[in-house]
Amino acid sequence: MKNIKIGFRISLIIIAFTALVACSKDTANKQSILDNPSIQKLPASAMAFLTWDSTRPAYQKFRLSQWGRAGNSALLDTFKQIAERSQDEKLLGLVDAFIKTGLITTSSDQSEALRDAVVFLTTDQPSHQPGITLYASANQGTNFKDKLRVLEDLMKSSGYETSKRTSPYDGFTLKIVRAQGSPISLHFAASQDILAVSSQEELLAAAFAEPNPAGLQQVKQTEAFLKTAGAANPGDEVSMVFVDLRKLMGEVNNSVPPVTGTAESQKIHETLANFPAQGLSWSRRMGRTLTDSIAISLDPKTEDQRRWVNALSGSGQAYSFKKLPPDILTGVTFDGALLHNIKEAALAEVTAEERSQLSPQLAFLDTLESFSVAIRSGTGGSPFPELVLVATGSNVDSIKQSFRNGVDQIVQALGLKLGAWQKKQIDKAQIEYIMSPLGIGAFLAQSSGTTILSSSESAVSDIMRAQAGTAPGLGDKLPDGAQDLLKQSNPLGFGYINFFRIASVLENVQGSLAMFTGGKSAVEQEKVEYLKNLGALAGSASTKDGILRLEASYDPGTSGATP
């Protein structure tokens, strides 16, 4: 099992490395991203791959966008944190050496070394140990031989063990001896314009041979690829990931020591053998805006898995999300039929006694069309964020009573004494409310078949005006990419987060707390600006024909300033 962990840590290193590299050449080709020279050398044994081609206009557009400019540093920081927590100083030192060599860039102002590349995962037969390999071609002005010489010198000067590789592929082998676990060997080889890095030495040679697409064609003909990578849109891909999950889990299962009779060992093998997904593909595109599309082909093996997979279906009804206040920080909505199906699947796993107790409490889910939860910054000078719940359904009275019972249970559990519910008029509608001494309360109302529960009166008023058409709702303010997700996918779930507004809230909170912190900021201004540049993100989840699709659309930071 140690060797498996080592192999996947190697995978982390090189995948992080490849995600940090790019280029900037201008061509007008509209070919598929799978036509780049490096991936044409992919072996048929590959279980997973990541590829990109920096000569594509979509990649250049991405790199100049706020997501491309900010992404490298953020991903590098995340990787460093992972390495530090796992106490893998040697692996962290390797990444630092890549940066110094120029194989990894930390700014979009830097020229990139890699033109196109593929990173793929294989297993070493017959040991079934995982191995990771990178093939890349050089950007104009880059000499990979020179880069490797510098990298080798850096490794030696930092105390790493290296051994020289000679003709026909210049390079070296790096042995990383760690405080815990077995040593790791990485093999580097390069010509002037081709680079190969692999944990399996025998895979280096193919990088320097003529492209042979036979291996790629075999991968593309697998059932997992055909189901998940399906409809490509040549011309706007930035990068692509594919994982044959069935093949990968099978190899991992083979690498696990044989069952020794222990329940734990038996469970590991059964879990891997019955993994409920066949394949995964992830395509990043840059058109009008940046979008990510993930497709997972579901393949349930057991009765329990089939029950939960069947629960991933909805009704495609109108979404309460559209009527949320347009200035929310973040929010998520769920299809009512999905919640009903999940409830039924969950109740099937409990005892008859537990089912009889829970069924009445969850009965309101049977009448829901959609359910939304959102958070927005406090209004009217309040330092407390506002929580908003919105539900649409056929039995509004049942939903309203369930909301009220939920508030009463929370108040009772917290030991609060808030008194009785009261009534008042807001925008010609009667609402019920309950207040705490701190000014935080619960406001409950119904409007046009919608039930609203909020911690503030203003949110209730805003939603009711949106329902009446006298004020815009969130659906009227969503950017084009988010609108497309709502219209095209009939999602089971839909989420939205506005990083620009979250950054603005952080700035306001820091200003309010300055007198207590001596002017020190709890969050660095650089990170606040980074959040602003991310703009807004909308995401959806949907299922069709056994495929689970997760899609995300990003909106530029400037639109986040829209009230």
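Keep in mind that what you see is a predicted model, and the values were worked out from it rather than measured.

So, on to the packing of aromatic side chains. Evaluation of the coordinates by the stated rule reveals nine aromatic pairs. For the ring pair Phe172 and Phe188, a centre distance of 4.8 Å and an interplane angle of 10° mean the geometry is stacked. With Phe172 in strand E5 (residues 170-176) and Phe188 in strand E6 (residues 184-190), the pair connects residues that are 16 residues apart, well separated along the chain. Judged by centre distance (6.2 Å) and plane angle (65°), the ring pair of Phe371 and Phe403 falls under edge-to-face. Linking Phe371 in strand E12 (residues 368-376) with Phe403 in helix H13 (residues 396-414), this pair joins segments that are 32 residues apart in sequence.

This next bit is on helix H9 (residues 263-273). Those residues of H9 that fall on the buried side of the exposure criterion are Ser265, His269 and Leu272. Angular distribution of buried residues about the axis of H9 spans 70°; they occupy a single face of the element. For H9, the exposed residues set more than 90 degrees away from the buried face come down to Ala263, Glu264 and Lys267. Where H9 is buried, its residues touch helix H8 (245-255).

One finds Leu103, Leu114, Phe144, Leu151, Leu174, Phe188 and Leu195 to be the most contacted residues of the largest nonpolar core, which totals 58 residues. When sequence neighbours within four positions are dropped, the list of residues in contact with Phe144 reads Leu103, Ala113, Leu114, Ala136, Ser137, Ala138, Ala190, Ser191, Gln192, Asp193, Ile194 and Leu195. Listed in part, the 26 residues of the second largest apolar core include Phe321, Ala429, Met464 and Leu474.

Quick look at the confidence of the model for the protein now. This prediction gives the protein a mean pLDDT of 81; 81% of its residues lie at or above 70. Residue range residues 1-10 is modelled with pLDDT below 50. Its contacts to residues more than four positions away, or to other chains, number 23 contacts. Scored below 50 in pLDDT, residues 20-29 makes 44 contacts in the model with residues more than four places away or belonging to other chains.

When the terminal C-alpha atoms of H13 are compared, their 27 Å separation across 19 residues agrees well with the 27 Å that a helix rising 1.5 Å per residue should span. Three or more residues of H13 are buried, namely Ile399, Lys400, Phe403, Val407 and Val411. End-on, the buried residues of H13 take up no more than an arc of 115°, which puts them together on one face. In H13, the exposed residues that point more than 90 degrees away from the buried face are Asp397, Gln409, Gln412 and Ala413. Each element contacted by the buried residues of H13 is listed here: E12, strand E13 (386-393), strand E15 (429-435), strand E16 (441-447) and strand E17 (450-454). Phi turns positive, to about 70°, at Gly415, one or two residues after H13.

What counts as what
Residues numbered from 1 in each chain as written. Predicted model: local features only at pLDDT ≥ 70, side-chain atom pairs only at ≥ 80, totals over all residues. Heavy atoms only, no water. Phe/Tyr/Trp six-rings, centres within 6.5 Å; stacked < 30°, edge-to-face > 60°. Helix = DSSP H or I, 4+ residues; strand = E, 2+ residues; numbered from the N terminus. Buried < 20%, exposed > 50% of the residue type's maximum accessible area, 1.4 Å probe, protein only. Arc of directions from axis to C-beta. Contact = heavy atoms within 4.5 Å. Core = buried A, V, L, I, M, F, W, Y, C linked by side-chain atoms within 4.5 Å. pLDDT = per-residue confidence, 0-100. Expected span 1.5 Å × (residues − 1).

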